[in-house]
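Residue-level listing of the chains:
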Amino acid sequence: MNVSIVGSGYVGTTVAACLADLGHTVTNVEIDEDIVEAINAGEAPIHESGLAERIAAHAGTTLRATTNYEDVRETDVTFLCLPTPQSEDGSLDLAIMQAGAESLGRALAEKDDDHLVVVKSTVLPGTTEDVVGPILEAESGTEIGDGLELAMNPEFLRMGTAVEDFLEPDKVVFGTASDEAAATLRDLYAPILERGDTDLVETDIREAELIKYANNAFLASKVSLVNELGNIAREYDADAYEVLEAVGLDDRISERFMRSGLGWGGSCFPKDVNALRAGAREQGYDPELLDAVVAVNDEQPRRLVDLLAAHVDLEGARIAVLGLSFKPGTDDIRKSRALDVIDHLTDRGAVVVAFDPVAIENVRPDYPDIEYADSAAGALEGADGAVVATDWPAFDDLSFEGMARSVVVDGRRIDLDEDALEVYEGLTW
Ligand SMILES: NC(=O)C1=CN([C@@H]2O[C@H](COP(=O)(O)OP(=O)(O)OC[C@H]3O[C@@H](n4cnc5c(N)ncnc54)[C@H](O)[C@@H]3O)[C@@H](O)[C@H]2O)C=CC1
Ligand SMILES: O=C(O)[C@H]1O[C@H](OP(=O)(O)OP(=O)(O)OC[C@H]2O[C@@H](n3ccc(=O)[nH]c3=O)[C@H](O)[C@@H]2O)[C@H](O)[C@@H](O)[C@@H]1O
């Protein structure tokens, strides 16, 4: 099938490279010329395992990128993979989606045959049909259901394992308003669905939109609950990891997403939980549990720095921060808990020296005044204390020998030799 993808960020680039890998012909439409150039040169514009080799394999043949929306006319289906950030007040900001839908609609005005537009971005119920649809109709001059079809296909991939998650998902969700749209999506995903180990959920557009928010709200709530239980475990001098490992043996609960510590960050959980809270309030419902889920998460970085301050006078102290990305395997630092840790440390007068295997250059522009090291050992050299903010596997079994004082506060439960340290504190164990 001939597919276009509008927006070539973490989702759009991954989906494009994977669809090309599944045998489709894919065009990325993107406003950032650097991204377009990278893809056309066969290079990955982001750090994602398995992505670079797929782009290199398909660029110039079945995968290309362009800044020109008109190229969507050569395709049968367009996926909107545009950002849906949060506004100042936490609510969903649809300005970029609206602008993208306008450009797409204008381009489709000159297309004669049928076209399917699929919203893949995370959007609140009603957005696809009441916001995107009317813009497409107005700009293209074609009515939905009369040559123009609309669908919603939420994406559940995680950063760091995006390629694997897209190609081998637990479930695929199609929200459609017509049999034709559902059939097109089934064809497109056929190589994945035919393997037989992926559940297919076929539903209406509104339910598909809400499934995505419910999924993320559930996972974020699970981690906040695990963190609250971890905080309580620490008060009792109990090890939350042992406790929750046992709890996870209950099939109804599951062992996954049970790692307590510094909390959840990233480009999705924070904005999606906030959008759902704001949306719920707009609908007249007070989401008290989700408010608490955010409140518990917001406190973890301060708790970590308090633990360190109990052992090190932070004023003027040299503190190594290990890990900057919001989780291992990615260079994404959006809403990373590590940045909150740095803010608390610098507010309290510490001199921060940070290290991350891939994310330093993303942090540097916003944090020009902290120090950066070339290696974990370099960050630790001469430090009066260290905090572990991201559980990069490279930090396992690290030597803390070069520190002035080996005081280590761990927000992620990495593997290390506690006995070799002067002080070791785990945030929730
Ligand atoms: N990042 C993730 O792991 C996941 C994200 N999502 C959702 O997918 C959507 C996209 O997220 P990301 O890929 O992370 O965003 P992103 O910010 O990484 O990428 C968006 C891309 O769209 C481009 N863009 C902006 N305006 C444009 C326009 N008018 N025309 C063409 N391109 C334009 C930007 O230059 C950027 O490259 C969001 O709704 C997000 O919530 C869903 C699942 C996973
Ligand atoms: O909508 C999205 O963008 C995506 O959001 C999350 O994916 P992602 O943000 O990439 O990363 P996760 O692995 O879910 O981790 C999110 C945060 O939770 C934290 N976390 C996760 C698991 C855990 O046990 N403990 C924990 O603190 C991670 O450190 C990270 O900061 C979801 O897992 C994806 O299904 C979804 O598609």
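This is a predicted model, so every value here is computed, not measured. (Residues numbered from 1 in each chain as written. Chains lettered and ligands numbered in written order. Predicted model: local features only at pLDDT ≥ 70, side-chain atom pairs only at ≥ 80, totals over all residues. Heavy atoms only, no water.)

Visitor: I'd like a rundown of the UniProt feature "binding site: substrate" (unreviewed entry) in the chain, residues and numbers included.
Guide: Mapped onto the present numbering, the UniProt feature "binding site: substrate" (unreviewed entry) falls at Lys212, Phe257, Met258, Arg259, Ser260, Gly261, Gly265 and Lys327. The named residues occupy 116 residues along the chain; their greatest pairwise C-alpha distance, 24.7 Å, places them well apart from one another. Residues contacting Phe257, with those up to four places away along its chain left out, are Leu219, Lys222, Val223, Val226 and Phe269. Every residue in contact with Ser260, bar those within four places of it in the chain, is listed here: Val226, Asn227, Ala240, Tyr241, Gly411, Thr428 and Trp429. (UniProt positions renumbered as here; feature names shortened; annotations may be inferred. Contact = heavy atoms within 4.5 Å.)

Visitor: Would you mind going over the site of ligand 2 in detail, with residue names and values included?
Guide: In the vicinity of ligand 2, 21 residues are found, and the nearest of them are Phe156, Leu157, Met159, Lys212 and Cys268. At 3.5 Å from an oxygen atom of ligand 2 is found a main-chain nitrogen or oxygen belonging to Glu155. Take Phe156: an N or O atom from its main chain is 2.7 Å from an oxygen atom of ligand 2. Elements that contribute at least two residues to the shell around ligand 2 include exactly α9 (205–235) and α11 (269–282). For the shell around ligand 2, the element with the highest residue contribution is α9, accounting for 4 residues. Considered class by class, the residues forming the shell around ligand 2 number 11 nonpolar, 3 polar and 7 charged. When residues of the shell around ligand 2 are assigned to domains, at least three fall in each of domain 1 (2–203) and domain 2 (299–426). (Near = heavy atom within 4 Å. Polar contact = N/O pair within 3.5 Å; in protein donor to acceptor, adjacent residues only side chain to side chain. Helix = DSSP H or I, 4+ residues; strand = E, 2+ residues; numbered from the N terminus. Nonpolar A, V, L, I, M, F, W, Y, C, P; charged D, E, K, R; others polar. Domains from an automatic or database assignment.)

Visitor: Describe the sheet that holds strand β6 (residues 148–152), with residues and values.
Guide: Spatial ordering of the open sheet is given by β3-β2-β1-β4-β5-β6-β7-β8, a layout of 8 strands whose pairing is mixed. Bordering the open sheet on either side are β3 (63–66) and β8 (199–203), each of which pairs with just one other strand. The sheet shows a mean angle of 25 degrees between the axes of neighbouring strands, direction not considered. As paired strands, strand β1 (residues 2–6) and strand β2 (residues 25–29) are joined by 5 bridges and run parallel to one another. Opposite Val6, over in β2, you have Val29 as the bridge partner. Contacts from helix α5 (residues 127–140) reach β4 (77–80), β5 (115–119) and β6 within the one sheet, and its direction differs from that of β6 by about 155 degrees. Across the sheet, helix α7 (residues 179–188) is in contact with β1, β4, β5, β6, β7 (171–176) and β8; its angle to β7 comes to roughly 155 degrees. (Pairing = 2+ DSSP bridges. Axes fitted to C-alpha atoms, helices over the stretch in contact; angles between N-to-C directions.)

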